[in-house]
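# Overview (structure and organization)
Here's the letter readout for the chains.
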Amino acid sequence: MIRSWLYVPGDRPDRMDKALAGPADAVVLDLEDAVGAGAKDEARRNVLDVLASGRPAYVRINDPAAPSGEADVRELAAAQGSLAGVRVPKSEDPGELRRVADRLGVPVFPLIESALGVENALALATAHPLVGGISLGEADLQADLRAGRRALAWPRSRIVVAARAAGLPSPAQSVWTAVRDLDGLRADTESGREAGFFGRSVIHPAQIPVVHEACAPDPEETAWARELLGRFTGAAGSTGESAWIDSSGKFVDKAVVERARWLLSLAGTVDRENAKEGDVQ
């Protein structure tokens, strides 16, 4: 359950070192948008050096249909290292995504950034067994749609539904670009959870704890889930029924039980990660 995906420019080795030692759940070494056209080769060499050192990281490659993206795939496929997975931008074509997955042999995460990509969301999510998740690149999508943020409502729902229909984790939200607006980040991340997202991409270390807190289940939710599951065996086992009315008069069925299990699993993950962060500090 990855809460934070921290993007770090591939042409900044100092930042990559700090990020890999920091509290982000996942570090994404960026070869695409954060790197200028003239620094692509240098950034690729830096990223390969990090992976060769044995420190696990994800990499956002360039568009695999472009020369720089083809070079990224070629070099990563030939390298020995600790590549955890690859974020694939400009994903529209399931065949292209399959090609990248076959060549790299690691989890691939298509970034859907165009109207065509949104239309092909389910096909991309099911394109290959190595697809580890899908997500939106909202700034690029807005540009392609020639629209404001209101136009993102349907694509967001489309991505959430496609991910779950494919049996993938709930998608991570796109980057919150107002780095200093942490209150806005918190509110938007909490709203995203309600809409079916989990976690998000971040571009500054200060955003990480805010996202982690926003991803944590509410204590009241956790208490409800624990109480419900504590009564589940007795209620279902004694009656043989798949649905019942609990002591508070609320209807309980399989879907409610599964939500309770998800919440407790999430709470356990958050507790473990918080303990790790405390040990590091």
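Described in the following lines is the structure provided in the data block. (Residues numbered from 1 in each chain as written. Predicted model: local features only at pLDDT ≥ 70, side-chain atom pairs only at ≥ 80, totals over all residues. Heavy atoms only, no water.)

## Let's talk about the overall build of the protein chain
Across its full length, the protein chain holds 12 helices and 9 strands. Looking at the protein chain as a whole, 44% of its 281 residues are labelled buried. In the protein chain, the proportion of contacts linking residues at least 24 apart, taken out of those at least 6 apart, comes to 66%. Summed over all atoms, the accessible surface of the protein chain reaches about 13800 Å², with 52% contributed by carbon and sulfur. (Helix = DSSP H or I, 4+ residues; strand = E, 2+ residues; numbered from the N terminus. Buried < 20%, exposed > 50% of the residue type's maximum accessible area, 1.4 Å probe, protein only. Contact = heavy atoms within 4.5 Å. Areas by Shrake-Rupley, 256 points an atom, 1.4 Å probe, with all protein chains shown as cover.)

## Structural notes on the nonpolar core
Grouped together as the largest cluster of nonpolar side chains are 53 residues, with contacts concentrated most on L29, V59, L76, V86, I112 and I134. At 5 residues, the largest contribution of residues to this core is made by helix α2 (residues 40–52). Membership of the second largest hydrophobic core comes to 8 residues, among which are W5, A26, Y58 and L111. (Core = buried A, V, L, I, M, F, W, Y, C linked by side-chain atoms within 4.5 Å.)

## Regarding the sheet that holds strand β7 (residues 200–202)
What the 7 strands build is an open sheet, ordered β6-β5-β4-β3-β2-β1-β7; its pairing is parallel. A single partner strand is all that each edge strand has here, and the edge strands are β6 (135–136) and β7. Packed on one face of the sheet, helix α4 (residues 94–104) meets β4 (83–88) and β5 (108–112) and runs near 155 degrees to β5. (Pairing = 2+ DSSP bridges. Axes fitted to C-alpha atoms, helices over the stretch in contact; angles between N-to-C directions.)

## Regarding the side chain of S174
Take S174: it is sitting in the loop between α8 (153–165) and α9 (182–194). Exposure remark for S174: the relative accessible area of 13% places this residue in the buried category. Within the structure, the side chain of S174 is placed 3.4 Å from the backbone nitrogen of E138, a separation counted as a polar contact. (Polar contact = N/O pair within 3.5 Å; in protein donor to acceptor, adjacent residues only side chain to side chain.)

## Some details on the packing of aromatic side chains
Applying the stated rule across the entire model yields 3 aromatic pairs. When the ring of W5 is compared with that of Y58, the centres are 5.0 Å apart and the planes differ by 65 degrees; the resulting orientation is edge-to-face. A residue pair is termed long-range when its members are at least 10 positions apart, and W5 in strand β1 (residues 4–9) and Y58 in strand β3 (residues 57–60) qualify at 53 residues. Take W5 and Y58: they sit in the same class, and that class is buried. Arranged with centres 5.4 Å apart and planes meeting at 65 degrees, the rings of W5 and F109 form a pair that is edge-to-face. (Phe/Tyr/Trp six-rings, centres within 6.5 Å; stacked < 30°, edge-to-face > 60°.)

## Details of the pattern of salt bridges
A complete count under the given rule lists 16 salt bridges for this structure. Notably, a salt bridge pairs D25 with R3, separated by 2.9 Å at the nearest N-O pair. You can see D25 sitting in the loop between α1 (13–20) and β2 (26–30) and its partner R3 sitting in the segment before β1, a full 22 residues away along the chain. According to the relative accessible area criterion, D25 is partly exposed, its value standing at 25%. The residue E32 makes a salt bridge to R60 at a minimum N-O spacing of 3.4 Å. (Salt bridge = Lys/Arg side-chain N within 4 Å of Asp/Glu carboxyl O.)

## Thoughts on the environment of P23
Note that P23 resides in the loop between α1 and β2. Judged by relative accessible area, which is 42%, P23 ranks as partly exposed.

## Things to note about α8
Its 13 residues give α8 an end-to-end C-alpha distance of 18 Å, which sits within 8% of 18 Å, the value for a rise of 1.5 Å per residue. Those residues of α8 not exposed but buried are P155, I159, V160, A162 and A163. An end-on view of α8 places all buried positions within 170 degrees of arc, on one side of the element. For α8, the exposed residues lying more than 90 degrees away from the buried face are W154, V161 and A165. On its buried side, α8 packs onto β5, α5 (115–119), α6 (121–125), β6 and α7 (138–145). Where α8 terminates, the next one or two residues include G167, which has phi positive at roughly 75 degrees. (Expected span 1.5 Å × (residues − 1). Arc of directions from axis to C-beta.)

## Here we look at the environment of E92
With respect to the element layout, E92 can be found in the loop between β4 and α4. Measuring from C-alpha to C-alpha, the distance between E92 and A121 comes to 8.1 Å, with 29 residues separating the pair along the chain. Beyond its immediate chain neighbours, meaning those up to four positions away, E92 contacts S114, L116, G117, N120 and L124. Here S114 takes part through its side chain, which lies 2.6 Å from a polar atom of the side chain of E92.

## A few points about the packing of α2 against helix α3 (residues 67–78)
Orientation of α2 relative to α3, taken along the N-to-C sense of each, is 25 degrees, at an axis distance of 11 Å. Classified by the angle their axes make, α2 and α3 are roughly parallel. The hand of the α2/α3 crossing is right-handed. Packed against α2, whose contacting residues are R44, L48 and L51, the element α3 presents S68, A71, D72, E75 and L76 at the interface. Of the residues assigned to the contact of α2 with α3, the class counts are 4 nonpolar, 1 polar and 3 charged. (Parallel < 35°, antiparallel > 145°, perpendicular 65-115°, else oblique. Left-handed = near helix turned anticlockwise from the far one by under 90°. Nonpolar A, V, L, I, M, F, W, Y, C, P; charged D, E, K, R; others polar.)

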